[in-house]
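Observations on the three-dimensional arrangement
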Amino acid sequence: MKAVVVDDFSRIENINIREAPEPSPGPGMARVRIQAAAVGFVDGLKVQGLYQTKDPLPFTPGSEFAGVVEEVADGVEAPAPGTPVIGMARNGALAEYICVPVTDLMVAPDGLAPEIGASFFANYLTGLYALRYRAQLRAGDILLVLGAAGGVGIAAVQIGKLLGARVIAAASSEEKRQFALKHGADEAVDYTSADWRDQLKELTAGHGPDVIYDPVGGEVSLQAFRSIAWNGRHLVVGFAAGTIPALPFNLPLLKGGALLGVDLAQIGRREPAIRDEAMRQLFAWLRDRALVPVVGKVFPFAEFRDAFTAMTTRAALGKMVVRIGA
């Protein structure tokens, strides 16, 4: 099969597609013919060896995918061969085939396009888990989404609206702010502006955001927390800015605020019932067309490097997807 293979941690320009052995499913596993795979921020860190954990070399990057079950191990009854699925894995998705435990797969709703399926799982599960189960977002709450035009951010904008919040999108360019407004945000602010906290104060009539959804990190996280409402909840989702902020402990005391960590990688292991409940809700929204997921640009398999480049330059709107097979 053809696969993107990382032999040495390096710049994406030095990584290539090459022939690799086609995998066979072990006990409790299925082999999936991959139709599309997503490229996220973590994938960009992994290929360079900059992520908090390093995958053993050589490895194939990519953790989110959509495809069709081709073969299952003996004793596995479902999903049956021919079933469209979406899934997540530690790595291996930027290839024509992948083998994963069937517990890591979910049957795709009828008619779900592979490009949407590949970019759906992580972004939208993270958003719903964070907002409903961690922050207890309520109808009427003010939700501030940092990095609102990225794949993770735009999912939070959409889910926040479905949960009844008033959503303020924070993004660094007019194009990104208009993108967030197009997909449901009520207002938008430029968090690179020196007076953006004053703008936020004016928009909220001095109240501040009840919930902050933060996949950005860096200095903007500290500024956002300083504007949080009394009893506000700040969701720590990631650090796309590249730096991890150090919050003075007196600020949560003065604000009555809470920092809440959101780690998608641990939800299935630690809270599988909540994960399954959240996915049922997401699929119900999909079936009802209440939720129309946002896909960024779709790249052919041969141009996978361009997907990484678009994502790492932070110029992307939505999540980047690589189309691999039919």
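Below you will find a few notes about this structure. Because the structure is predicted, anything quoted here is derived from the model rather than measured.

Brief notes about the overall build of the protein chain
Helix and strand counts for the protein chain stand at 10 helices and 15 strands. The C-alpha radius of gyration computed for the protein chain amounts to 20 Å, which stays within 12% of the reference 20 Å derived for 326 residues, consistent with globular compactness. Principal axes of the C-alpha set define a box for the protein chain whose edges measure 60 × 40 × 35 Å. Taken over 326 residues, the protein chain has a buried fraction of 52%. Long-range contacts, defined here as pairs at least 24 residues apart, represent 70% of the contacts in the protein chain between residues at least 6 apart. Approximately 14,300 Å² of the protein chain is accessible, and the part contributed by carbon and sulfur atoms is 52%.

With respect to the pattern of salt bridges
For side chains bearing opposite charge, pairing can occur when the charged atoms are close. Taken as a whole, this structure holds 16 salt bridges when the rule is applied. With its nearest N and O atoms 3.6 Å apart, the salt bridge here joins D190 to R177. Residue D190 is found in strand 10 (residues 187-190), and its partner R177 is found in helix 4 (residues 174-182); the two are separated by 13 residues along the sequence. Look at R177 and you get buried, because its relative accessible area is 12%. Put simply, E22, R31, E70 and E71 are held in one network by salt bridges that share partners.

Scoring rules and cut-offs
Residues numbered from 1 in each chain as written. Predicted model: local features only at pLDDT ≥ 70, side-chain atom pairs only at ≥ 80, totals over all residues. Heavy atoms only, no water. Helix = DSSP H or I, 4+ residues; strand = E, 2+ residues; numbered from the N terminus. Rg over C-alpha atoms; globule rule 2.2 N^0.38 Å. Buried < 20%, exposed > 50% of the residue type's maximum accessible area, 1.4 Å probe, protein only. Contact = heavy atoms within 4.5 Å. Areas by Shrake-Rupley, 256 points an atom, 1.4 Å probe, with all protein chains shown as cover. Salt bridge = Lys/Arg side-chain N within 4 Å of Asp/Glu carboxyl O.

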